[in-house]
Amino acid sequence: MTKHPDQAMTQSDNVTSPLIAFRNVGKQFIVKGEPLQAVHGIDLDVYEGEILTLVGPSGCGKSTLLNMAAGLFAPTEGEVFYRGSQVQPYNPAVGYMTQSDHLLPWRDVIGNIAIPLEIKGLSKSEISRRVEELMETVGLGGFGKSYPNQLSGGMRKRCALARLLAYDPETLLMDEPFAALDALLRMRMQIEIRDLCRRLNKTVMFVTHDLDEAVAIGDRCAVFTGRPGSIERIVDVPLAPDRNILHLRKDPDYRAITADLWEVLAPSIEQEL
Ligand SMILES: Nc1ncnc2c1ncn2[C@@H]1O[C@H](COP(=O)(O)OP(=O)(O)OP(=O)(O)O)[C@@H](O)[C@H]1O
């Protein structure tokens, strides 16, 4: 398997193989007795430590790919590998984050973040130490006793993220996690997620409808065609790893990449009109 050029320069040889590999993957669902081909012919490598964004029209199968990486269901054609082994139900190396945060309303922030640690059976003192650490990591220090209905949208996201990190998954599957946030908060969360994933060396597959978001946070971006979904193009995002997302709109490289990607996406969107 080939070496991703960016990582060839920055990381050691143990990343020469992709962490997640989709090989000629297709998925057909049966809906009301009729076959529905969600995706077909997907060949995609995801490398350790990168943020790969997936963008494309509604219903083109972006979430379906995440579900197959998680082992929630198997492909009907081709294979999905994780660290060289076929993905089994379920893949314990990944954590999932969706638009909805699924916080338990009757538990405060500490109680919500503690759930995976309780399931793991850690001692009370260890749970308390880890929860404190995680709250600091996501910027929720001091809000441990707050309940979900007392938190802002961004704080709820941070709490859900801390709970996800408590599982310590090496890969984060993020399905439009910031779609419901207003533009400014969304940008803050983009900055934080990029920073966090780089610090913790997480690998991320990040689904979004928002091309600007896909370029702002991605190291690479896979653009899908309409259903049945296939990958039209995978582009490198050659912006600085420590890019300042707040100032990207003035960056000519950023503008050129997003303009280019719009051209790739436009035919699928025109088909939908
Ligand atoms: N479990 C399922 N059972 C039946 N059909 C499904 C299932 N999951 C997805 N589909 C269908 O597969 C197609 C692709 O769905 P998917 O959710 O992967 O697309 P998407 O690109 O993530 O869409 P969106 O951007 O709107 O969230 C859709 O037509 C959807 O209805």
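Everything below is about the structure shown above.
This section reports on the structure supplied with the text. Because the structure is a prediction, the values reported are computed rather than measured. (Residues numbered from 1 in each chain as written. Predicted model: local features only at pLDDT ≥ 70, side-chain atom pairs only at ≥ 80, totals over all residues.)

A short note on the overall build of the protein
The condition is simple: Helix and strand labels come from DSSP, where a helix needs a run of H or I of at least four residues and a strand needs a run of E of at least two; each type is numbered from the N terminus. Within these notes, the globule rule equals 2.2 Å times the number of residues to the 0.38 power, and the radius of gyration is based on C-alpha atoms. With C-beta atoms placed from the backbone, a residue counts as buried when 20 or more other C-beta atoms lie within 10 Å of its own, as exposed when 12 or fewer do, and as partly exposed for counts between those limits. By definition, residue pairs are in contact when their C-beta atoms, positioned from the backbone, come within 7 Å.
On a plain count of helices and strands, the protein comes out with 8 helices and 10 strands. In summary, the protein has a C-alpha radius of gyration of 19 Å against a globular reference of 19 Å for 273 residues, a match within 12%. Along the longest, intermediate and shortest principal axes, the C-alpha atoms of the protein span 50 × 45 × 45 Å. The 273 residues of the protein split such that 40% are buried. Sequence-distant contacts in the protein: of pairs separated by 6 or more residues, those separated by 24 or more amount to 69%.

Regarding the packing of helix H5 (residues 153-166) against helix H6 (residues 183-200)
Under the convention used in this document: Each axis is a line fitted through C-alpha atoms, taken for helices only over the stretch in contact, and angles between the N-to-C directions span 0 to 180 degrees. For classification purposes, an angle smaller than 35 degrees is called roughly parallel, one larger than 145 roughly antiparallel, one from 65 to 115 roughly perpendicular, and anything else oblique. Crossing handedness is defined as follows: a turn of the near helix away from the far one that is anticlockwise and smaller than a right angle gives a left-handed crossing, while the clockwise case is right-handed.
Axis separation between H5 and H6 bottoms out at 10 Å; the angle between their running directions is 25°. In terms of their interaxial angle, H5 and H6 are classed as roughly parallel. Considering how the two elements wind past one another, H5 and H6 form a crossing that is right-handed. Contacts from Gly-153, Gly-154 and Lys-157 in H5 reach Leu-185, Arg-188 and Met-189 in H6.

Some remarks on the pairing of strand S1 (residues 20-31)
Rules: Only when DSSP finds a minimum of two bridges between them are two strands counted as paired.
The pairing of S1 with strand S2 (residues 34-46) spans 9 bridges and is classified as antiparallel. Residue pairing for S2: Gln-28 is matched across the bridge by Gln-37. What sits between the antiparallel neighbours S1 and S2 is a turn of 2 residues, in which Lys-32 has the positive phi angle 50°. Where S1 meets strand S4 (residues 77-82), 5 bridges bridge the pair, whose relative direction is antiparallel. Looking at the pairing, Gly-26 lines up with Glu-77 of S4.

Quick notes on the environment of Lys-124
Position of Lys-124 relative to the elements: it lies in helix H4 (residues 124-137). Accessibility expressed as a C-beta count within 10 Å gives 10 for Lys-124, which makes it exposed. In the structure, Lys-124 is positioned 69 residues away from Val-55 in sequence and 42 Å away in space, judged by C-alpha atoms.

Considerations on the sheet that holds strand S7 (residues 171-175)
On the basis of which strands lie adjacent, the open sheet formed by 6 strands has the order S6-S7-S8-S3-S9-S10 and mixed pairing. A single partner strand is all that each edge strand has here, and the edge strands are strand S6 (94-97) and strand S10 (231-236). Within the sheet, the average angular offset between the axes of one strand and its neighbour, ignoring direction, is 15°. Of the strand pairs in this sheet, S6 and S7 are connected by 4 bridges, and their pairing is parallel. Bridging from a neighbouring strand, Met-97 pairs with Met-174 of S7.

Points about the nonpolar core
Across soluble globular proteins, you tend to see nonpolar side chains buried next to one another. Formally: What makes a nonpolar core is a set of buried Ala, Val, Leu, Ile, Met, Phe, Trp, Tyr and Cys residues, with links drawn between C-beta atoms within 7 Å. Note that the domain bounds reflect an automated or database-derived domain assignment.
In terms of nonpolar packing, the biggest core is built from 72 residues, with Leu-54, Ala-69, Ile-113, Ala-162, Met-205 and Val-215 touching the most fellow members. Looking at which element gives the most residues to this core, the answer is H5, with 7 residues. Taken domain by domain, this core gets at least three of its residues from each of domain 1 (5-93 + 169-272) and domain 2 (102-168). With sequence-adjacent residues up to four places away left out, Ile-113 is seen in contact with Val-131, Leu-134, Met-135, Cys-159, Ala-162, Arg-163 and Ala-166.

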